[in-house]
Amino acid sequence: MNRVCLCSILHSAHVKNFSGSSYVFYRSNGNGYNWERSKTICNEQSGYNLVSIESREEWNFLNQTIQNENTTEYFIGLRKDTSTGVWRWLSDNSTVNASNKGDWPWAVGQPSNGNGKENCTQMYRNYSGNFGRYNDVRCSSCIPHAGFICEFKDGEGNRLLIHITRN
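Below or above, wherever it landed, is the structure these notes cover. Fair warning: this is a prediction, and the values are worked out from it, not measured in the lab.

Further remarks concern the packing of aromatic side chains. Per the counting criterion, the structure on display carries 12 aromatic pairs. A ring pair is formed by Tyr23 and Phe25, whose centres lie 6.5 Å apart and whose planes are at 40°; its orientation type is tilted. For the pair formed by Tyr23 and Phe25, the shared burial category is buried. Measuring from centroid to centroid gives 5.3 Å for Tyr48 and Phe152, while their planes differ by 45°, and the two rings are tilted. Pair noted here: Tyr48 is in the loop between α2 (35-44) and β3 (49-50) and Phe152 is in strand β9 (residues 146-153), with a separation of 104 residues, a long-range link. There is no split in this pair, since Tyr48 and Phe152 are both buried. Grouping aromatic residues by their ring pairs yields a cluster made of Phe18, Tyr23, Phe25 and Phe61. Between Arg56 and the ring centre of Trp59, over which it is positioned, the NZ or CZ distance is 5.3 Å.

In structure tokens form, the structure reads like this:
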């Protein structure tokens, strides 16, 4: 992705800080991103990755933030290891229990693993009362109304935004 395109993405996003991390909330604008492309865009911002939600407090912060947005779902950094079937966060490889479908943090009936190909995750703003809950999706499926959340640990994410917008 070239610098102009990355800058336009950053201008359509906003940054929030919480507990030592900076988060960039990219809002949907109908471009048709998928989980893989969202991860790539986050990685192109030095030090960022798709968000890994490592505590209930972090989940509460993210859920409250997205409730004030128009975007209905966000890609997050949770992916299923296809060799083991275990859901793992990108940041530290920790696991998320998916055996009790509909239990926190999954939405009711999720993960559904549609045809064995839904190995990536999005977080709903609100889908049938599933506020902030997770849904498994195909990693390569473009979802025009989805956004994504990038996270930079250490709370210095604003430095990158300043650097890019000056160039």
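Further remarks concern the nonpolar core. Across soluble globular proteins, you tend to see nonpolar side chains buried next to one another. If you look at the biggest cluster of nonpolar residues, it comprises 19 residues, and the most contacted ones within it are Ile53, Leu62, Ile76, Leu78, Met123, Tyr134 and Ile149. Contributions of two or more residues to this core are made by β2 (21-26), α3 (56-66), β4 (73-81) and β5 (86-89). It is α3 that provides the largest number of residues to this core, a total of four residues. Filtering out sequence-adjacent residues up to four positions away, Met123 remains in contact with Ile53, Trp59, Leu62, Asn63, Ile66, Thr72, Glu73, Tyr74, Ile76, Gly132, Arg133 and Tyr134. Counting 18 residues, the second largest nonpolar core, distinct from the first, contains Val24, Trp35, Ile41 and Cys120.

Moving on, we come to the pairing of strand β7 (residues 120-124). In terms of burial, β7 is largely enclosed, as five of its five residues are buried. Neither face of β7 is open: one carries Cys120, Gln122 and Tyr124, the other Thr121 and Met123, and all of them are buried. Note that β4 and β7 share five bridges and pair antiparallel. When the bridges of β7 are listed, Arg79 appears paired with Cys120.

What follows deals with the environment of Asn68. If you trace the backbone, Asn68 turns up in the loop between α3 and β4. Classification of Asn68 as exposed rests on a relative accessible area of 66%. For the pair Asn68 and Arg125, spaced 57 residues apart in the sequence, the C-alpha separation amounts to 8.9 Å. Reaching out from Asn68, the side chain makes a polar contact with the backbone oxygen of Gln64 at a distance of 3.4 Å.

Quick look at the pattern of salt bridges now. Side-chain pairs of opposite charge can arise where the charged atoms are in close proximity. Inspection of every chain in the model, using the stated rule, returns three salt bridges. Residue Glu54 pairs with Lys153 through a salt bridge whose shortest N-O separation is 2.8 Å. Taken together, the positions of Glu54 in the loop between β3 and α3 and Lys153 in strand β9 put the pair 99 residues apart, joining distant regions of the chain. With relative accessibility at 38%, the residue Glu54 sits in the partly exposed group. Here Lys153 falls in the partly exposed class, since its relative accessible area comes to 34%. A network of salt bridges, in which partner residues are shared, links Glu54, Glu151 and Lys153.

On to the side chain of Asp136, then. Here Asp136 is to be found in strand β8 (residues 134-137). With no salt bridge to any partner, buried Asp136 finds its closest opposite charge in Lys80, at an N-O distance of 5.8 Å. In terms of polar contacts, Asp136 uses its side chain to reach the backbone amide nitrogen of Ser112, at 2.9 Å. A distance of 2.5 Å separates a polar side-chain atom of Asp136 from the backbone nitrogen of Asn113. In this structure Asp136 touches Trp87, Trp106, Gln110, Pro111, Ser112, Asn113, Gly114, Glu118 and Cys120, once residues within four positions along its chain are discounted.

So, how was this worked out
Residues numbered from 1 in each chain as written. Predicted model: local features only at pLDDT ≥ 70, side-chain atom pairs only at ≥ 80, totals over all residues. Heavy atoms only, no water. Phe/Tyr/Trp six-rings, centres within 6.5 Å; stacked < 30°, edge-to-face > 60°. Buried < 20%, exposed > 50% of the residue type's maximum accessible area, 1.4 Å probe, protein only. Helix = DSSP H or I, 4+ residues; strand = E, 2+ residues; numbered from the N terminus. Lys NZ or Arg CZ within 6 Å of the ring centre and 35° of its normal. Core = buried A, V, L, I, M, F, W, Y, C linked by side-chain atoms within 4.5 Å. Contact = heavy atoms within 4.5 Å. Pairing = 2+ DSSP bridges. Polar contact = N/O pair within 3.5 Å; in protein donor to acceptor, adjacent residues only side chain to side chain. Salt bridge = Lys/Arg side-chain N within 4 Å of Asp/Glu carboxyl O. Lys, Arg positive; Asp, Glu negative; His and termini not counted.

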